[in-house]
Amino acid sequence: MRQSTLALRITYRVSFSFSLRLNCELSYRTDDPLAVTVLIGRTGLRPVRWVFGRDLLAEGMAARCGDGEVVIWPSRADGDGPAHFCLRIGDARTALFEIPAAPVAAWLDGTYAMVPRGTELEGADWNRLLQLAE
């Protein structure tokens, strides 16, 4: 199992006029190749962990993507593309985060170098998974 992590500062939009800067960590593991984990407030007393699709993150950085508890869309475009993207998590009580796009895009490229898109399930032991499901 290989792992890739990215630590960065993100903006939590508490309201239209008030925001907080938080520590965040993105992680990817080759033994769970379809998912990324976002750990928000990683150095605080109560960090929040969300796990969702790696492709959802990649696609949401280019265009609005997702339904339900995780929605991602590009924000604040500059000359070469979005400088940031927004991540909304939660259902009844949502939280909105603004995340710098460039470091996340570079990190995602590294995860796709580890496990290319479309090959995530090539090593799956389907017989074992079926036994676990029964």
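Just so we're clear, the structure is a prediction, and the values are computed from it rather than from any experiment.

**What to know about the environment of D31**
Link 1 in the chain: With respect to the helices, strands and loops of the structure, D31 is situated in the loop between β2 (19-29) and β3 (35-40).
Link 2 in the chain: A relative accessible area of 45% places D31 in the partly exposed class.
Link 3 in the chain: Distance in space between the C-alpha atoms of D31 and M1 is 5.6 Å, their sequence separation being 30 residues.
Link 4 in the chain: There is a polar contact of 2.6 Å between the side chain of D31 and the side chain of R29.

**Here we look at the nonpolar core**
Link 1 in the chain: Among the nonpolar cores identified, the biggest contains 31 residues, and F52, L57 and V104 are the most heavily contacted of them.
Link 2 in the chain: Considering each element in turn, this core owes the most residues, six residues, to helix α2 (residues 101-114).
Link 3 in the chain: Ignoring any residue separated from it by four or fewer positions in sequence, one finds L57 in contact with V36, F52, I72, F85, V104, W107 and L108.

Conventions we followed
- Residues numbered from 1 in each chain as written.
- Predicted model: local features only at pLDDT ≥ 70, side-chain atom pairs only at ≥ 80, totals over all residues.
- Heavy atoms only, no water.
- Helix = DSSP H or I, 4+ residues; strand = E, 2+ residues; numbered from the N terminus.
- Buried < 20%, exposed > 50% of the residue type's maximum accessible area, 1.4 Å probe, protein only.
- Polar contact = N/O pair within 3.5 Å; in protein donor to acceptor, adjacent residues only side chain to side chain.
- Core = buried A, V, L, I, M, F, W, Y, C linked by side-chain atoms within 4.5 Å.
- Contact = heavy atoms within 4.5 Å.

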